[in-house]
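# Coordinate analysis (summary)
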Amino acid sequence: MNRLLLLLCCVCWYCLPVTAQAQFLTLVEESTTGKHLDTIATDKNAIVDINSRIRIKIDAAALEDEMFRFQGIAAQDSRLLRLKKLNQLLRHQNAILEMLNTTFSDADKTKIALRDYKKFATLLDDLMEEIENDDELIELIDTPEMDAKSLEFDGPYPLFLIDFLEQEAQVVRESLLADLGADGQIDSSLIVYFRLGAFIKNKSGGRPIHIENFDDYVMDEYFEIERFGTPLGDDEKIEIARNKSLNDSIQINNLQLGGHFKELVRLEVTELFPSDSSRINLRRAYKRALSTLSVQRLTKPAAQILLNNELSLEQVNRLYNFSVSTYETVVQGFPDDLLQGNTFTDNLDELVNLALGSYKNYADDVSLYATTTNSFLPDGNIAGLPELTLVENNYAGYVDSLETDIENIKNIFDRVLELLQPFKKSYLENEEFTEQVRRFMVGNMPAEGFIELKSVGERKAGDEILIKAVLERGASKNNPNYESREIYRRYVHLARVSPYFRMSGSLVLANPYARAKSPQVALANKFQFAPTYGIFMKWGSRKSKFYNDFINLGVGMGFTSPDFDLDGTPEFGAGLMITGLRDILSVGWGWNFGLDTPYSFIGFNLPFTVGALPNSATSSNVFGN
Amino acid sequence: MAKALTKNHFENMPTTFPIPIPSLTRVHTLNGMETAIEDFDAFLEEHITLLLLGRFEDSTILLEGANKLCTQETAHPKQRILWVNKLEELFTLKTKIEDALKEGFPEKEITFENVRAIAMMPKVAYVIYVDPSLSPDPKDKRKKISIFQMQRAFNAAIKALPPTPTEEEI
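Being a predicted model, the structure only gives us computed values, none of them experimental. (Residues numbered from 1 in each chain as written. Chains lettered and ligands numbered in written order. Predicted model: local features only at pLDDT ≥ 70, side-chain atom pairs only at ≥ 80, totals over all residues. Heavy atoms only, no water.)

## Let's talk about the overall build of chain B
Of regular secondary structure, chain B possesses 4 helices and 5 strands. For chain B, the succession of helices and strands along the chain, N to C, is β-α-β-α-β-α-β-β-α. Burial analysis of chain B (170 residues in total) assigns 56% to the buried set. Looking at chain B alone, contacts between residues at least 24 apart form 63% of all its contacts between residues at least 6 apart. (Helix = DSSP H or I, 4+ residues; strand = E, 2+ residues; numbered from the N terminus. Buried < 20%, exposed > 50% of the residue type's maximum accessible area, 1.4 Å probe, protein only. Contact = heavy atoms within 4.5 Å.)

Here is the structure:
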């Protein structure tokens, strides 16, 4: 009956749409200067500045509840309800602790304003009122025994209360985990883990990025997008082109590369194991010794040593097969497994330890036989010892060569990983978490993580950060009960929101509209093509992706060299300009300092260089009348 | 207007009232019946006071706890305990305290004899009872003297403090 209830509970829980479930994570954008700090609304586009920091706040109360439910604890379980209540109370703790660690950490109390005391009193009283309204809790806290304990507590009373609530919550957690038989020391299929990871994605693929407190990735190169950007130099253009072609070729050749590697390994694998010949030598020495020693009565105790160790010698065959299959498993998983950090080093080391253990057992048996036996040959020598020693020597040779083989395999992995390192960035991840993304059980997850965008390496406006959280039942996919459920998924768009400066050259169509007052203007047509160099300020939006991707305004100054008098010598003009549509279109007003005449202009950032403009002598190439 | 305080104000504050236990630096008592009303008014004017009335069980632990609430890092520097434990002083202050209770909680009928502690700033902000079950307000059912309740009392008093004009001084 209970099982049926549990099943029904699980089915109902699964049927809940993700959107209807509690919000486990809150994203907050914070500028590194601290000027901007704002929660990213859940129902709108998530757009952040490309140089900012994304804080990810975890709602431990909602998450723990979800994790226990995923573990199969019924929602109405009294302990789960209790834990939920305690977690709700502990939601107050962050603000209280923050004030304790900041406002009240200074010994000089004159620096603390009355509003801070009032704020703290309000925060604390909200918590205490909730405690007072909980009959069960207040019975535990508001007692003479607890009063006495609070005096022994090394810290202020508010901290004593929080400490008490945390202890209570931990007791409930442990009780729930104890029921599930999950003590955290083993990979029980009932343990549910929380994992949080992030990927940066763009046209050339994606890669995992570091979330502080939640994974073991090292921070990438520190790289701030300049707010005063000069046009790209030739070297930079060459570098960009090189990177692009490299990325493209990697994408195209990724499969081919994998295929070639596998083929190479297949060729090498047959020659890779010198231990195979030493294995044959060992088998041969073993069989020869056994047949020799089994004949005579005197040498039978020595033969028994061989028989006793037959099982471990048999492992030699299995070790060889196992090492080959392990190696081939890695090859099959190439390049995903290697890129995800699975090098199978532990498996290989285990193999060596197994072989060493078996050898040591045999060597110990031979040594014991040599010191304790009563079987002596007529010449006084120990019966069968030379044969046993020969086998031992062969065994040692086998173990040595096996160690060498394993070392070679590991070296190959390391070399391949080294070769793959430059490819890793452009390798399109399939959004699977690697082993470097940590697993957290209930009660021990950090309250917050953050992504320092300046330290995620190469990025550009328009890239997206995918933040993803999952619950996993069991730590290994090999676990038959392994199950993964995505509980959070959100794309955050990177944009250049903070104002920045940009310089660019373009062509404008200048119109010296006050021709009546400027007789020197000799244009027959209304507009004249003129090169312009603009310096303008631009900014992005946290609300509109459309604005960032298309409208993208800029305001600044434009410096033009028109030739309104058609004398072959360009004049100098300067004025205000507004750009839009990603700087493709610009309009503005300027003053021709050579002819003392105003002009308006409209420009197009056309894909050919300013240097290739027709000169004024051919300026009949104009638009309009 | 609240009086601006200097850093050393509290260290150098004149001890108008005796301190019953030397280690309890924030727990004060009155100087006798003759000057009780004047001293009481002056004390309330100067401090955020938790007024303790009469003698009670576990007073050592509770007074120690009350003192800690006034010395912990989150305490307002003006927090003090005034322990009126002599019968004659209680009689002298009875009317004054009853008036203050009426002013603070006009909707409640609070019996002086059932009051164990009052948070004052100098208006009444929070009442702790000898026997909370005698209070007609069901919200008061837990308001019996304890460190928990004394912390709540101080919270209420601080929350009720009028803002200072500059908000820079304490």
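## What to know about the pairing of strand 15 (residues 585–592) of chain A
Residue and element names in this part refer to chain A. What you see with strand 15 is a clean split: Ser586, Gly588, Gly590 and Asn592 sit on the buried side and Leu585, Val587, Trp589 and Trp591 on the side with no burial. Bridge analysis of strand 14 (residues 573–580) against strand 15 gives 8 bridges, and the strand direction is antiparallel. When the bridges of strand 15 are listed, Thr579 appears paired with Ser586. A loop of 4 residues connects strand 14 with strand 15, the two strands running antiparallel in sequence, and Leu581 in this loop sits at a positive phi of about 50 degrees. Direction of pairing for strand 15 relative to strand 16 (residues 597–604): antiparallel, over a ladder of 8 bridges. Opposite Trp589, over in strand 16, you have Ser600 as the bridge partner. (Pairing = 2+ DSSP bridges.)

## So, the packing of aromatic side chains
Residues and elements named next belong to chain A. With the rule as written, the count across this model stands at 15 aromatic pairs over all chains. Ring geometry for Phe104 against Tyr117: centres 5.6 Å apart, planes inclined by 55 degrees, an arrangement best described as tilted. Of this pair, Phe104 sits in the loop between helix 4 (93–101) and helix 5 (114–133) while Tyr117 sits in helix 5, and the two are 13 residues apart along the sequence. Taken individually, Phe104 and Tyr117 each receive the classification buried, so the pair is uniform in this respect. Seen from their ring centres, Tyr359 and Tyr395 are 5.6 Å apart, and the 70 degrees between their planes marks the pair as edge-to-face. Of this pair, Tyr359 sits in helix 14 (residues 345–372) while Tyr395 is found in helix 15 (residues 385–424), placing the two residues 36 residues apart along the sequence. Three or more aromatic residues joined by ring pairs form one cluster here, namely Phe104, Tyr117 and Phe120. (Phe/Tyr/Trp six-rings, centres within 6.5 Å; stacked < 30°, edge-to-face > 60°.)

## Examining the packing of helix 1 (residues 36–46) of chain B against helix 3 (residues 87–104) of chain B
All names here are of chain B. As a packed pair, helix 1 and helix 3 sit with axes 9 Å apart at the nearest point and diverge in direction by 45 degrees. Taken as axis vectors, helix 1 and helix 3 run oblique relative to one another. Where helix 1 crosses over helix 3, the two elements pack in a sense that is right-handed. When helix 1 is examined against helix 3, the residues Ala36, Ile37, Phe40 and Asp41 are found in contact with a partner set consisting of Thr92, Leu93, Lys96 and Ile97. The residue inventory of the contact of helix 1 with helix 3, partitioned by class, reads 5 nonpolar, 1 polar and 2 charged. (Axes fitted to C-alpha atoms, helices over the stretch in contact; angles between N-to-C directions. Parallel < 35°, antiparallel > 145°, perpendicular 65-115°, else oblique. Left-handed = near helix turned anticlockwise from the far one by under 90°. Nonpolar A, V, L, I, M, F, W, Y, C, P; charged D, E, K, R; others polar.)

## Considerations on a nonpolar patch on the surface
Residues and elements named next belong to chain A. Residues Phe546, Phe550, Ile551, Leu553, Val555, Ile578 and Val587 make up a contiguous nonpolar surface patch of roughly 580 Å² in combined accessible area. Residue contributions to the nonpolar patch peak at 3 residues, all from helix 16 (residues 545–551). Here Leu553 is to be found in the loop between helix 16 and strand 13 (554–560). Exposure remark for Leu553: the relative accessible area of 31% places this residue in the partly exposed category. (Patch = residues over 30% accessible without salt bridge, like charges linked within 9 Å, V, L, I, M, F, W, Y side chains within 5 Å. Areas by Shrake-Rupley, 256 points an atom, 1.4 Å probe, with all protein chains shown as cover. Salt bridge = Lys/Arg side-chain N within 4 Å of Asp/Glu carboxyl O.)

## Brief notes about the sheet that holds strand 1 (residues 25–30) of chain A
Residues and elements named next belong to chain A. Strand order across the open sheet formed by 4 strands is 2-1-4-8, with antiparallel pairing between neighbours. At either margin of the open sheet sits one strand with a lone partner, and together these are strand 2 (37–39) and strand 8 (448–452). On average, each strand axis in the sheet is tilted by 20 degrees relative to the strand beside it, whichever way the strands run. As defined by bridge partners, strand 1 adjoins strand 4 (residues 53–58) across 6 bridges and the pair is classed as antiparallel. Bridge assignment links Leu27 to a residue of strand 4, and that residue is Ile56.

## Considerations on the confidence of the model for chain A
Residue and element names in this part refer to chain A. Scored by pLDDT, chain A comes out at a mean of 77, with 73% of its residues at no less than 70. Predicted confidence for residues 425–429 stays below pLDDT 50, and this span has 20 contacts to residues more than four positions away or in other chains. Overall, residues 608–625 carries pLDDT values under 50, and its contacts beyond four positions in sequence, including any with other chains, amount to 28 contacts. (pLDDT = per-residue confidence, 0-100.)

## What to know about the interface of chain B and chain A
With 37 residues of chain B at the interface, the matching set in chain A holds 36 residues. Buried area between chain B and chain A, summed over both chains or domains, comes out near 3200 Å², and the portion from carbon and sulfur atoms is 58%. The closest approach of N and O atoms between Lys141 of chain B and Asp135 of chain A, which form a salt bridge, is 3.9 Å. For the pair chain B and chain A, the number of links is 15 residue pairs in polar contact (both at pLDDT 80 or more). (Buried area = accessible area lost by both parts, 1.4 Å probe. Polar contact = N/O pair within 3.5 Å; in protein donor to acceptor, adjacent residues only side chain to side chain.)

## Here's the deal with the pattern of salt bridges
Residues and elements named next belong to chain A. Taken as a whole and assessed by the stated rule, the structure comprises 33 salt bridges over all chains. Between Arg438 and Asp216 there is a salt bridge whose closest N-O contact spans 2.8 Å. Linking Arg438 in the loop between helix 15 and strand 8 with Asp216 in the loop between strand 6 (205–209) and strand 7 (228–229), this pair joins segments that are 222 residues apart in sequence. One salt bridge connects Arg502 with Asp583, and the closest N-O pair in it is separated by 2.7 Å. Residue Arg502 is found in strand 11 (residues 500–511), and its partner Asp583 is found in the loop between strand 14 and strand 15; the two are separated by 81 residues along the sequence. By relative accessible area, which is 31% here, Arg502 ends up partly exposed. Among the residues examined, Asp583 registers a relative accessible area of 6% and is labelled buried. Several salt bridges share partner residues, and in doing so they unite Glu30, Arg53, Arg55, Glu448 and Glu452 into one network.

## Some remarks on helix 1 of chain B
Residue and element names in this part refer to chain B. Taken as a whole, helix 1 has its buried residues at Ala36, Asp39, Phe40, Phe43 and Leu44. End-on view of helix 1: buried residues confined to an arc of 130 degrees, all on one side of the axis. Residues of helix 1 that are exposed and point more than 90 degrees away from the buried face comprise Glu38 and Glu45. Where helix 1 is buried, its residues contact strand 1 (27–28), strand 2 (48–53), strand 3 (79–84), helix 3 and strand 4 (115–120). (Arc of directions from axis to C-beta.)

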